[in-house]
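Now for the letters of each chain:
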Amino acid sequence: MVLRLSQLFLRTLREDPADAEVASHKLLVRAGYIRRAAPGIYTWLPLGLSVLRKVEQIIREEMTAIGAQEVHFPALLPKDPYEASNRWTEYGEGIFRLKDRKGADYLLAPTHEEMFTLLVKDLYSSYKDLPLSIYQIQNKYRDEARPRAGLLRGREFIMKDSYSFDADDAGLDASYAAHREAYLKIFARLGLDVIPVAATAGAMGGSKSEEFLHPTEIGEDTFVRSPGGYAANVEAVTTIAPPEIDYSTAPPARVLDTPNTPTIETLVDASNQLAPRSEADGGPWTAADTLKNVVLAVTLPTGERQLVVIGLPGDRAVDLKRVEANIGSFLPIAGEIGLEAANEDDLKKNPLLVKGYIGPGVEAGKPLLGLEGASKLLYLVDPRIVSGTSWITGANEDGKHVYGLVAGRDFTWDGVIECTEVRAGDEAPDGSGLLETARGIEMGHIFQLGRKYAEALDLKVLDQNGKQVVVTMGSYGVGVTRAVAALAESNHDDKGLVWPRSVAPADVHVVAVGRGEEIFQTAEKLAIELEAAGLDVIYDDRPKVSPGVKFGDAELVGVPTILAVGRGLVDGVVEIKDRRSGDAENVPVEKAVDFVVNAARSR
Ligand code: ATP
Ligand code: MG
């Protein structure tokens, strides 16, 4: 069908929407692809829907190619399965909950692991039925704390989610590898540059996991890569721990008066005056010789607030996202948590913590920090704090620090956590060189879930020997609506959108400019012929609209080829313009269709 602009449900806008910060959001609204319905919730208009359907089609084809079959679940689901996996609690404020008229609890699904697991349990019972991969393209609902950037982080969004079911670990490896390949193909066909990076499994549980990040300045994820090919989300970067040190001859720790030294900087200066270190012992003290203890407040999924103390070298900063990604196993319950620096109130409730002078606690007697310590506060340390390392740290008294406090001898901790900011220039954990950092948007995420959901929901099959075995699962997501936004973000200029052919709402935008009847008749004829040649065509047939407005709209809408029928017609030519390069050519009318068809084929 030829989309006629005189008929098409479209209004382009001159002004950027007031709430839009990023280009994709501004342009998708201005060019008439989407409209905001509520914060983080969008309505799709005909042009937007056309792009969305093309993205979905590419995903469907690549899923079919690896043998995955499409199903479709409801978005409105009962609480029970999510209670069984404990995610009803774990999601905390992250999901939309509702009640039916009888008072029963429901939710709008944020993701569907539970339902897929139960469906397979319902129908399958033997290893012979496996492997199985099934998927859907479905709305997801998450009450994101900060919906932002239009479609990039919505509260209602579309995800392609697939799930694999295997009887053994080798099967899961194969299903995971197939999805990984399919994802690389999907993003290549979409024309979206992505880097697979190692990721943490987070609230999903499970072991191996990778994210597909699209590198862009506006991304919310920070990732690192090394010249030797290492790539990871910063949340998943591991620190190379230094070797342990024999402390049998280390001098005892001693407490010194260090008045007015509540910061690392003041402490280092004072230490170099009060207790200078000889060149033979390593020269002047630096921030790296101090052990900084940072108090954080965790809000558990239950709403309860718990303090935790993180010990790290003073030349490093805490990265809250890394702490959040890695602290799960140390907390009393699993699930989504809130994390922030402890406030004055928190400290008041724990008078043993002396602001600016907090240390693990010393010498004989009880330690201060740690679940077994006097404070009963969870104490976690950076991997650089290994047995035998010696530190300057707070003595838990105003104006006092302790020197030569030896890890493993004078203090202990409840656990080791990846918690410090990863810096450009840090060593890659696999020895493949120095890290550089970049930002990206998460376009897809693949997980080896393992047996977590199958165990929680009791999904077993009979194996070759007639024995019941728990099924092992993978889960794989692509952000479909997010892909539309990311494509818009990485394909625009100051005039508007510049769609890659693979997802453009049409192949060609025919514009009739001028008044003569012949112009409109020729444009109409070309539009119909292009359509007959198998192309998707937008035809600007609006009679009383100025050439400037028509060209402006064509550039804003961003179809790859613009064909203008106008003044040149008296010489028998039309102008054909490539939206991306801006190159324009006068082509004889009778050659115009072939010319555009060739341009469309050479994608
Ligand atoms: P993020 O870290 O960006 O919040 P996530 O890790 O919570 O994402 P997953 O649960 O892994 O997301 O979901 C799979 C995919 O769904 C993501 O890779 C992303 O492309 C997409 N997605 C997740 N949340 C949103 C959202 N709020 N809006 C749009 N797309 C989303
Ligand atoms: Mg993810």
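Let us now look at the overall build of the chain. When helices and strands are counted, the chain shows 14 helices and 32 strands. Seen through its C-alpha atoms, the chain measures out along the principal axes to roughly 100 × 65 × 50 Å. In the chain, which comprises 603 residues, the proportion classed as buried is 52%. Of the accessible surface of the chain, which amounts to about 27,300 Å², a share of 50% is contributed by carbon and sulfur atoms. If the 66 positive side-chain charges of the chain are averaged to one point and the 89 negative ones to another, these points end up 5 Å apart.

Within the protein, the magnesium ion (ligand 2) binds to Glu442 (OE) and His445 (ND1); these donor distances fall in the range 2.2 to 2.3 Å. Glu442 gets classed as partly exposed once you look at its relative accessible area, which sits at 22%. Given the relative accessible area of 12%, His445 is considered buried.

Burial runs high along helix α1 (residues 23-30): six of the eight residues are buried. Ser24, His25, Leu27, Leu28, Val29 and Arg30 are the residues of α1 that are buried. Close packing links the buried residues of α1 with β2 (34-38), β3 (41-44), α11 (480-490), β26 (492-493), β27 (496-497) and α13 (547-557). Two residues or fewer past α1, Gly32 is found with a positive phi of approximately 80°.

Between two packed helices, what matters for the description is the angle formed by their axes and the separation of those axes. One way to put it is that helix α2 (residues 46-65) packs onto α11 with a least axis distance of 10 Å and a crossing angle of 115°. The two elements α2 and α11 meet at a crossing, and its hand is right-handed. Where α2 approaches α11, its residues Val51, Leu52, Val55, Glu56 and Ile59 are matched on the opposing element by Val480, Thr481, Ala483, Val484 and Leu487. Tallied by class, the residues present in the contact of α2 with α11 amount to eight nonpolar, one polar and one charged.

Close to ligand 1 lie 14 residues; Arg142, Glu144, Arg153, Gly154 and Glu442 are nearest. Contact distances for ligand 1 include 2.9 Å between an oxygen atom and a side-chain N or O atom of Arg142. Protein burial of ligand 1: of its 580 Å² of free accessible surface, 86% is covered by the chains. Taken together, the elements giving at least two residues each to the shell around ligand 1 come down to β9 (156-166) and β22 (436-450). A total of four residues in the shell around ligand 1 trace back to one element, the largest contributor, which is β22. Of the residues belonging to the shell around ligand 1, the class tally is five nonpolar, four polar and five charged.

Once that is clear, we can look at the packing of α1 against α11. Running from N to C, α1 and α11 point in directions that differ by 100°, and their axes come no closer than 8 Å. As the angle between them shows, α1 and α11 are arranged roughly perpendicular. Contacts between α1 and α11 involve Ala23, Ser24 and Leu28 from the former and Ala485, Ala488 and Glu489 from the latter.

A few words on the pattern of salt bridges. Here the structure, examined in full by the defined rule, presents 34 salt bridges. Close ionic contact of Arg409 with Asp410 constitutes a salt bridge, the shortest N to O distance being 3.0 Å. Classification of Asp410 by relative accessible area gives buried; the value is 17%. Arg542 is paired through a salt bridge with Asp553; the nearest N and O atoms lie 3.0 Å apart. Here the residue Arg542 occupies a position in the loop between β29 (537-540) and α13, and Asp553 occupies one in helix α13, the gap between them amounting to eleven residues. Residues Arg542 and Asp553 agree in their burial class; the two are buried. Each of Arg53, Glu56, Arg60 and Glu70 takes part in salt bridges that share partners, so that together they form one network.

We now examine unusual backbone geometry. Put simply, Leu130 and Pro131 share a cis peptide bond, and its omega is 5°. Tracing the backbone through its elements, the reader meets Pro131 in the loop between α5 (113-123) and β8 (132-141). You will see that Asn260, though not glycine, has its phi angle at about 55°, which is positive. Examined against the element boundaries, Asn260 turns out to sit in the loop between β14 (254-257) and α7 (264-274). With relative accessibility at 66%, the residue Asn260 sits in the exposed group. Positive phi outside glycine occurs at Asp458, with the angle close to 60°. Mapped onto the elements of the fold, Asp458 is located in the loop between α10 (452-456) and β23 (460-462). A residue is classified by how much of its surface remains accessible, and Asp458, at 40% relative accessible area, is partly exposed.

The next subject is the pairing of strand β25 (residues 472-479). The element β25 is extensively covered by neighbouring structure, given that eight of its eight residues are classed as buried. The side-chain alternation of β25 yields two buried faces, one formed by Thr472, Gly474, Tyr476 and Val478 and the other by Met473, Ser475, Gly477 and Gly479. Strand direction decides the pairing type here: β9 and β25, joined by eight bridges, are antiparallel. In the strand pairing of β25, Met159 is matched with Gly479. Bridge count between β22 and β25: six bridges; the pairing is antiparallel. Across the sheet, Gly444 pairs through a bridge with Val478, a residue of β25.

Once that is clear, we can look at the confidence of the model for the chain. Chain-level statistics for the chain give a pLDDT mean of 92 and a share of 98% at 70 or above. At the level of individual helices and strands, the chain shows its lowest average pLDDT in helix α4 (residues 87-90), which scores 87, and its highest in strand β4 (residues 69-70), which scores 98.

Read across the sheet, six strands follow the order β1-β29-β28-β30-β31-β32 without closing on themselves; strand pairing throughout is mixed. With partners counted over all chains shown, the strands left at the sheet margins are β1 (2-4) and β32 (584-588), one partner each. If you compare each strand with its neighbour and ignore which way they point, the axes differ by 25° on average. The sheet contact formed by β1 and β29 spans three bridges and is parallel. Considered in β29, the bridge of Arg4 is made with Tyr539. Lying on the sheet, α13 is in contact with β28 (508-512), β29, β30 (561-565) and β31 (573-578); it crosses β28 at an angle near 175°.

The next thing to look at is the nonpolar core. Tyr33, Val55, Tyr183, Phe187, Leu190 and Trp499 are the most contacted members of the largest nonpolar core, which has 57 residues in total. The two domains that each donate at least three residues to this core are domain 1 (44-75 + 110-237 + 437-489) and domain 3 (506-601).

Definitions and limits used
- Residues numbered from 1 in each chain as written.
- Chains lettered and ligands numbered in written order.
- Predicted model: local features only at pLDDT ≥ 70, side-chain atom pairs only at ≥ 80, totals over all residues.
- Heavy atoms only, no water.
- Helix = DSSP H or I, 4+ residues; strand = E, 2+ residues; numbered from the N terminus.
- Buried < 20%, exposed > 50% of the residue type's maximum accessible area, 1.4 Å probe, protein only.
- Areas by Shrake-Rupley, 256 points an atom, 1.4 Å probe, with all protein chains shown as cover.
- Lys, Arg positive; Asp, Glu negative; His and termini not counted.
- Charge placed at Lys NZ, Arg CZ, Asp CG, Glu CD.
- Donors = N, O, S within 2.8 Å, 3.2 Å for Na, K, Ca; no water.
- Contact = heavy atoms within 4.5 Å.
- Axes fitted to C-alpha atoms, helices over the stretch in contact; angles between N-to-C directions.
- Left-handed = near helix turned anticlockwise from the far one by under 90°.
- Nonpolar A, V, L, I, M, F, W, Y, C, P; charged D, E, K, R; others polar.
- Near = heavy atom within 4 Å.
- Polar contact = N/O pair within 3.5 Å; in protein donor to acceptor, adjacent residues only side chain to side chain.
- Parallel < 35°, antiparallel > 145°, perpendicular 65-115°, else oblique.
- Salt bridge = Lys/Arg side-chain N within 4 Å of Asp/Glu carboxyl O.
- Pairing = 2+ DSSP bridges.
- pLDDT = per-residue confidence, 0-100.
- Core = buried A, V, L, I, M, F, W, Y, C linked by side-chain atoms within 4.5 Å.
- Domains from an automatic or database assignment.

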